[in-house]
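# Results of the structural survey
So you can see what is in the structure, the chains are spelled out below.
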Amino acid sequence: MSAVLVARQDAVALITLNRPEQRNALTGEMISLLTETVEDLDDDAGIRAMVLTGADPAFCAGLDLRALAEGGGAFATTPGSGDRGPIGSPTTPLIGAVNGAAVTGGFELALACHFLVASERARFADTHARVGIMPGWGLTVRLPERIGVTRAREMSFTGNFIDGATAQAWGLVNHVVPHEALLSTALGLAADIAGNDPVAVARLGAIYDEGDAVG
């Protein structure tokens with residue numbers, strides 16, 4: 001079975017990271033597949049909103065370090081591994097539905113979504129410092145934008161986890177919902193987006209992106 005699954009519901013696409021036994025840790029092949037999937041959906045005029053989640057129990061544990069070691073560090077040249085990460089810069093709204101732990105590269109993946117909905121089981125951590133590597137997908141920009149620079153420093157310096165309630169209080173996630181309601185909530189918001197005028201949504205998105213660029 002594919003490591004990245006896609007299900008379409010009318011004008012909404014649900015993308016699921018699908019390596020649950022490895023807590024959806026990212027291999028080079030998986031990064032390439034995720035990049036290609038998001039690009040294809042972003043180019044599809046029939047898709048007006050997307051949701052990204054992980055197969056339980058985790059959202060994404062970051063890079064698969066064993067696969068990275070076996071590949072001799074080849075992730076550095078994997079398509080989509082630049083400062084925007086595997087999901088690039090889609091103009092189609094992308095909601096992150098964080099169902100469990102989002103750690104390091106998985107945390108960066110969540111931050112690259114336009115906004116987040118979290119399960120009560122969600123946990124977030126930046127553990128780059130614990131493993132002696134630097135963020136490569138924009139965390140040092142996006143995290144302080146979301147939660148403020150002093151809280152971002154705390155998360156990055158300590159590597160400690162925060163739960164969904166703290167993430168919501170800090171402005172990292174928009175909603176925290178019961179685990180069993182996560183996908184229905186995220187897909188409902190995506191359907192609300194898809195029901196609006198797509199040109200207006202795209203223009204609003206461009207304006208917000210411009211604000212982020214100069215912020």
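Data block above holds the structure.
Residues numbered from 1 in each chain as written. Predicted model: local features only at pLDDT ≥ 70, side-chain atom pairs only at ≥ 80, totals over all residues. Heavy atoms only, no water.

### A short note on the packing of aromatic side chains
How we decide: Aromatic pairing here means that ring centres of Phe, Tyr or Trp (its six-membered ring) are within 6.5 Å. Orientation follows from the plane angle: under 30 degrees is stacked, over 60 is edge-to-face, and everything else is tilted. Runs of E in the DSSP output that reach at least two residues are strands. Runs of H or I that reach at least four are helices, and both are numbered from the N terminus. We call a residue buried when its accessible area falls under 20% of the maximum for its residue type, exposed when it is over 50%, and partly exposed in between, using a 1.4 Å probe and counting protein chains only.
According to the stated counting rule, one finds 1 aromatic pair in the structure shown. Residues phenylalanine 107 and phenylalanine 124 carry aromatic rings whose centres are separated by 5.8 Å and whose planes lie at 55° to one another, so their mutual orientation is tilted. You can see phenylalanine 107 sitting in helix H3 (residues 105-111) and its partner phenylalanine 124 sitting in strand S7 (residues 123-125), a full 17 residues away along the chain. In terms of burial, phenylalanine 107 and phenylalanine 124 fall into one category: buried.

### With respect to the sheet that holds strand S3 (residues 49-54)
What counts is decided by this rule: Between any two strands, at least two bridges found by DSSP are needed for them to pair. Geometry is summarised by axes, namely lines fitted to C-alpha atoms with helices restricted to the contacting stretch, and by angles between N-to-C directions that run from 0 to 180 degrees.
Pairing is mixed in the open sheet, where 6 strands are placed in the order S1-S2-S3-S4-S6-S9. Every interior strand has two partners, whereas the edge strands, strand S1 (4-9) and strand S9 (175-177), have only one. Adjacent strand axes in the sheet meet at a mean angle of 20°, parallel and antiparallel pairs treated alike. Sheet topology places S1 next to strand S2 (residues 12-17); 6 bridges connect them, and they run antiparallel.

### Quick look at a nonpolar patch on the surface
Convention followed: Like-charged residues within 9 Å of one another, or nonpolar side chains (Val, Leu, Ile, Met, Phe, Trp, Tyr) within 5 Å, are grouped into patches, provided each residue has over 30% relative accessible area and no salt bridge. Under the convention used here, a 1.4 Å probe and the Shrake-Rupley method define accessible areas, while residue burial counts only the protein chains that appear. Each salt bridge in this description consists of a side-chain nitrogen of Lys or Arg and a carboxyl oxygen of Asp or Glu lying within 4 Å of one another.
Taken together, Leu65, Val131 and Ile133 make up a surface patch of nonpolar side chains, about 250 Å² in accessible area. Along the chain, valine 131 falls in helix H4 (residues 128-131). Under the relative-accessibility criterion, valine 131 is labelled partly exposed at 46%.

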